[in-house]
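Structure at a glance
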Number of protein chains: 2
Amino acid sequence: MAQSVELKNPHLNKMSQDYLYHLALNVPNTKDTRDIQKRFGDVKFICMGGTASRMLELALFLRELLGVKDNSEPEDLCRSGNRYAVYKVGPVLCASHGVGMSTFSVVLHELLKLVRYAKCQDPVFLRIGTCGGVGVPPGTVVVTKEAYNGYLRNEHEIAILGEKVVRPANFTADVVKDLVACGLGDNFKTIEANTMATECFYEGQGRTDGAVCNYSEEDKMQFLRKCHDEKGIRNIEMEATMFSSLTNLCNVKAGDICVTLIDRLKGDQVEISMETKSEYEHRPFIIVGRYIQKILASTT
Amino acid sequence: MAQSVELKNPHLNKMSQDYLYHLALNVPNTKDTRDIQKRFGDVKFICMGGTASRMLELALFLRELLGVKDNSEPEDLCRSGNRYAVYKVGPVLCASHGVGMSTFSVVLHELLKLVRYAKCQDPVFLRIGTCGGVGVPPGTVVVTKEAYNGYLRNEHEIAILGEKVVRPANFTADVVKDLVACGLGDNFKTIEANTMATECFYEGQGRTDGAVCNYSEEDKMQFLRKCHDEKGIRNIEMEATMFSSLTNLCNVKAGDICVTLIDRLKGDQVEISMETKSEYEHRPFIIVGRYIQKILASTT
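Keep in mind it's a predicted model, so treat the numbers as computed, not measured.

Here Val212(A) shows up in the loop between strand S10 (190-197) and helix H5 (217-231). For Val212(A), a relative accessible area of 3% translates into the label buried. The spatial distance from the C-alpha of Val212(A) to the C-alpha of Leu224(A) is 18 Å, given a sequence separation of 12 residues. Leaving out residues up to four positions away in the same chain, Val212(A) has contacts with Glu203(A), Lys8(B), Asn9(B), His109(B), Arg167(B), Leu246(B), Leu249(B) and Cys250(B).

Now the structure itself:
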């Protein structure tokens, strides 16, 4: 049976109103959220990605695919917050989250509260991103199974009230399986693999082309090979550990699907053309589109 | 004597070209950067803040203040990257960095490489932000001295090649002193204090209004009082440790100046009106404007 989202925060029940600050969305009465339910209650998929422009593209792509009749420019529902862009296309929200865990965690907390107030049924959270590959050719689509942090531990660490809290960082098994299945038969490869998520794009990912670097090319290659050989890591991005741990804790389904723009075993600089990049970025859209159609068909 | 920026990365000398990926800025020949020098060589101040809209406002404010003759809409020089906005007004760059360390570190690495290639002389990096206050009234401007992480340690921790690296996180003494001096005599208060920088806006800052919270109001208050009483922390944001540690390591001057929108000893939700928020956000602009004028007057 379909279920609303119960969040593990008893304080929310004591709040008479809530302001989702970074989304600039007001919940004037937390005991009567009919207005929010009317606006967002039909949402079943929360798609998230780094940039506002890519999320607008995704919204337009899904609108056509899902046959949502509307020819107007999709409206950024959170424009007045000046931080994140959120578009709604039928049962799908497309939200930008910026680069990395810190910015993503802010909007994720607020989107989780939004689906709670809106009483969305069984919402699925999907991150659609770009990433560096490890031992796979550029253009490969990676669906994350286990997320590893920069210490190669399959967990997310967070400082809460000055204490270290460690949480599991795995994605929902059936979402992973379904996303990979939706990638079968394309002219590009979609694989299930593990992902390293780092707090830093340069030193954190072993790049030698940042402002600072005090390790050698050999040190770097040894580390990347260890990621590949010992941990089954095939891509590196900056969100997966926080994303999987928080959704896990909130008991909502989640998947992370990213296309690689580079093979880090062969270099640090992204060198593909803008056209190729654009084509690669579209690949996870195709898979997520099929996934959404499949889930919608099975629940209606 | 004025100096160019020397970065601690020997690999950069071996690269024949460089692509500042997230800024979408190409350095086609690292041995002959005259083109980059021509475009950016006069830059002395790199002002950075969370949102593109605030950085555009800052650019317009500084253009008028510094008497830069130009009536056109400032151009976002990094628009094609779709991630960060960068405006140039005379000797000042105004760049957006998003929310938190992960996104900020990406653009900071690339801006540091930019000032190196452009051979900028003694550039000063300034973050102009908003934050939560701790025991100070909303609207107080805080100039950070020491930056503390979520474990209340005055350091920045980063995972590099799987190993923990810990770096000092303090801002440049004379920048702090000068910024505070530029805030004297206003109808608002500017103070020098310590800052806590966290990876998470909700649990990381002890808020009880996130999607998840498993501590009590009393636990929260005890932690915030500890920040205040034992560490001299007067504000909380999400950037200061990474920012101070990386600029420190690169031997460039840096300052972090933020206005508080809330007193966390009194609540978690930001409740000021948009008008008040806008007025508060302008306060660090005023101080940074005076600081820039003062430095320019002393070096020309």
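Bringing the domain arrangement of chain A into the picture now. All names here are of chain A. As far as domains go, chain A holds domain 1 (1-121) and domain 2 (128-300). The distance between the C-alpha centroids of domain 1 and domain 2 comes to 23 Å. Taken together, the 29 residues of domain 1 in the interface contact 29 residues of domain 2. A combined buried area of about 2,400 Å² lies between domain 1 and domain 2, and 78% of that area is made up of carbon and sulfur atoms. Taken as a group, Phe45, Arg54 and Met101 account for 30% of the area that domain 1 buries against domain 2, more than any other trio of residues on that side. Our enumeration of links across domain 1 and domain 2 arrives at one salt bridge. In this structure, arginine 54 and glutamate 281 form a salt bridge, with 3.8 Å as the shortest nitrogen-oxygen distance. Across the contact surface, domain 1 and domain 2 share five residue pairs in polar contact (both at pLDDT 80 or more). Of all the elements in the fold, those that place two or more residues in the side of domain 1 that touches domain 2 are strand S3 (45-49), helix H2 (52-65) and helix H3 (101-117). With seven residues, the single largest contributor to the side of domain 1 that touches domain 2 is H2. When the residues that make up the side of domain 1 that touches domain 2 are grouped by side-chain class, the tally is 18 nonpolar, six polar and five charged.

Mapping chain A onto chain B is achieved by rotating through 180° and translating by 0.0 Å along the same axis, at an RMSD of 0.0 Å. The superposition of one copy onto the other is thereby described by a two-fold rotation axis. Taken as a fraction of all interface residues of chain A, those also at the interface in chain B reach 100%, which identifies the copy contact as same-surface.

Bringing the interface of chain A and chain B into the picture now. The interface of chain A with chain B comprises 71 residues on the first partner and 71 residues on the second. Across the chain A/chain B interface, buried area totals approximately 5,800 Å², and carbon plus sulfur atoms make up 57% of it. It is Tyr151(A), Leu161(A) and Ala211(A) that lose the most area in chain A upon contact with chain B, and together they represent 13% of the buried surface on that side. Where chain A packs against chain B, one counts two salt bridges. Across the pair Glu203(B) and Arg167(A) runs a salt bridge, and its minimum N-O distance is 2.6 Å. Across the chain A-chain B interface, the total number found is 31 residue pairs in polar contact (both at pLDDT 80 or more). If you list the elements that add at least two residues to the side of chain A that touches chain B, you get strand S1 (18-20), H2, H3, strand S8 (155-160), strand S9 (163-168), H5, helix H6 (240-249) and helix H7 (274-299) of chain A. Counting residues per element, the side of chain A that touches chain B draws most heavily on H3(A), at nine residues.

Residue and element names in this part refer to chain A. Secondary-structure assignment places leucine 77 in the loop between H2 and strand S4 (86-89). Put simply, leucine 77 and leucine 23 are 54 residues apart on the chain and 8.2 Å apart in space, counted from C-alpha to C-alpha. Other than its neighbours up to four places away in sequence, leucine 77 contacts Leu25, Arg39, Phe40, Val86 and Lys88.

This part covers the packing of helix H3 (residues 101-117) of chain B against helix H6 (residues 240-249) of chain B. All names here are of chain B. Running from amino to carboxyl end, H3 crosses H6 at an angle of 20°, the nearest separation of the two axes being 9 Å. By the angle class used here, H3 and H6 are roughly parallel. Here H3 runs over H6; the crossing is right-handed. Seen from H3, the contacting residues are Met101, Phe104, Ser105, Leu108, His109 and Leu112; seen from H6, they are Thr241, Met242, Phe243, Leu246 and Thr247. Looking at side-chain class alone, the contact of H3 with H6 contains seven nonpolar, four polar and no charged residues.

Criteria and cut-off values
- Residues numbered from 1 in each chain as written.
- Chains lettered and ligands numbered in written order.
- Predicted model: local features only at pLDDT ≥ 70, side-chain atom pairs only at ≥ 80, totals over all residues.
- Heavy atoms only, no water.
- Helix = DSSP H or I, 4+ residues; strand = E, 2+ residues; numbered from the N terminus.
- Buried < 20%, exposed > 50% of the residue type's maximum accessible area, 1.4 Å probe, protein only.
- Contact = heavy atoms within 4.5 Å.
- Domains from an automatic or database assignment.
- Buried area = accessible area lost by both parts, 1.4 Å probe.
- Salt bridge = Lys/Arg side-chain N within 4 Å of Asp/Glu carboxyl O.
- Polar contact = N/O pair within 3.5 Å; in protein donor to acceptor, adjacent residues only side chain to side chain.
- Nonpolar A, V, L, I, M, F, W, Y, C, P; charged D, E, K, R; others polar.
- Least-squares fit on C-alpha atoms with pLDDT ≥ 70 in both.
- Axes fitted to C-alpha atoms, helices over the stretch in contact; angles between N-to-C directions.
- Parallel < 35°, antiparallel > 145°, perpendicular 65-115°, else oblique.
- Left-handed = near helix turned anticlockwise from the far one by under 90°.

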